[in-house]
Amino acid sequence: DAGITQSPRHKVTETGTPVTLRCHQTENHRYMYWYRQDPGHGLRLIHYSYGVKDTDKGEVSDGYSVSRSKTEDFLLTLESATSSQTSVYFCAITTRPGTGGGEQFFGPGTRLTVL
Amino acid sequence: GENVEQHPSTLSVQEGDSAVIKCTYSDSASNYFPWYKQELGKGPQLIIDIRSNVGEKKDQRIAVTLNKTAKHFSLHITETQPEDSAVYFCAATSGGGADGLTFGKGTHLIIQP
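Description of the structure in this document. (Residues numbered from 1 in each chain as written. Chains lettered and ligands numbered in written order. Predicted model: local features only at pLDDT ≥ 70, side-chain atom pairs only at ≥ 80, totals over all residues. Heavy atoms only, no water.)

1. Describing the interface of chain A and chain B
A common way to state how big an interface is: give the accessible area lost once the parts meet.
So, point 1. Contacts between chain A and chain B engage 26 residues on the former and 21 residues on the latter.
So, point 2. When the two sides are added together, the surface that chain A and chain B hide from each other amounts to roughly 1,600 Å², 54% of it contributed by carbon and sulfur.
So, point 3. Looking at the side of chain A facing chain B, the largest losses of area belong to Leu43(A), Gln104(A) and Phe106(A), adding up to 26% of the total buried there.
So, point 4. One can count one salt bridge joining chain A with chain B.
So, point 5. Here Glu103(A) makes a salt bridge to Arg51(B), at a shortest N to O gap of 3.2 Å.
So, point 6. At the surface where chain A touches chain B, the tally comes to four residue pairs in polar contact (both at pLDDT 80 or more).
So, point 7. Of all the secondary structure elements, the ones that give two or more residues to the side of chain A that touches chain B are strand 4 (31–38), strand 5 (42–51), strand 9 (87–94) and strand 10 (104–106) of chain A.
So, point 8. When grouped by side-chain class, the residues that make up the side of chain A that touches chain B number 11 nonpolar, 12 polar and three charged. (Contact = heavy atoms within 4.5 Å. Buried area = accessible area lost by both parts, 1.4 Å probe. Salt bridge = Lys/Arg side-chain N within 4 Å of Asp/Glu carboxyl O. Polar contact = N/O pair within 3.5 Å; in protein donor to acceptor, adjacent residues only side chain to side chain. Helix = DSSP H or I, 4+ residues; strand = E, 2+ residues; numbered from the N terminus. Nonpolar A, V, L, I, M, F, W, Y, C, P; charged D, E, K, R; others polar.)

Right under this line is the structure:
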């Protein structure tokens, strides 16, 4: 599991409330990613980070923000949750970014339900 | 940006037979193509990958082939076993994947006893 943990593993919340999901890694990897998985869509990239305080947007970043104040933690925040953000969220790391690398390893996921 | 199409969405095979899952990609700059297996309630697990300078790669019962000209790559599983039942995803990226992977929509592989 590449030393990745996600918390919480399950969460039910109401529309309009803020939600923060945490990804924690123990192996000091520089690159971290947040994906969401929905039926019929596969996994889609939300945001990624290439170092402390260095982040960038992915394909489906609207409605999400991220922060990375420490190498080991990458936080995903839904400022005001909507029902369309009901999904399973996966964190991932890359062990060797760049040419010749690219392998990504995923955490166990967080199932978020927005009522 | 990159677009990855994956077929079929569901594949049912008899135990012991072979299974083939196909993906096409749109960005000619893509150079890394991983395959993931996902079991119910778990995160995707990397099972095999291939880079653009290689045409085929094998690891025991699984193999991946890449046709750069046609922009398609395939996963081949031989001598299928019940534990091969899962959802399989292909993905593509350029530049070593530092800015993330683009995934296909997945194939649900069912191994019939």
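Moving on from the coordinates now.
2. Here we look at the pattern of salt bridges
It is possible for side chains bearing opposite charge to pair when their charged atoms get close.
So, point 1. Counting across every chain of the model gives nine salt bridges over all chains.
So, point 2. In this structure, Glu39(B) engages Lys37(B) in a salt bridge whose closest nitrogen and oxygen atoms are separated by 3.7 Å.
So, point 3. Residue classification places Glu39(B) among the partly exposed positions, given a relative accessible area of 33%.
So, point 4. What makes Lys37(B) buried here is its relative accessible area of 14%.
So, point 5. We note a salt bridge from Arg61(B) to Asp84(B), for which the minimum N-O separation is 2.9 Å. Of this pair, Arg61(B) sits in the loop between strand 6 (56–59) and strand 7 (62–67) while Asp84(B) sits in the loop between strand 8 (72–77) and strand 9 (86–92), and the two are 23 residues apart along the sequence.
So, point 6. On the basis of relative accessible area, Arg61(B) is assigned to the partly exposed category, the value being 21%.
So, point 7. Because the salt bridges share partners, they merge into one network encompassing Arg22(A), Lys70(A) and Asp73(A). (Buried < 20%, exposed > 50% of the residue type's maximum accessible area, 1.4 Å probe, protein only.)

3. Focus on the packing of aromatic side chains
So, point 1. According to the stated counting rule, one finds 15 aromatic pairs over all chains in the structure shown.
So, point 2. Ring geometry for Phe106(A) against Tyr36(B): centres 5.3 Å apart, planes inclined by 85°, an arrangement best described as edge-to-face. Here Phe106(A) is found in strand 10, whereas its partner Tyr36(B) is found in strand 4 (residues 32–38) on a different chain.
So, point 3. Looking at Phe106(A), the relative accessible area reads 6%, which means it is buried. (Phe/Tyr/Trp six-rings, centres within 6.5 Å; stacked < 30°, edge-to-face > 60°.)

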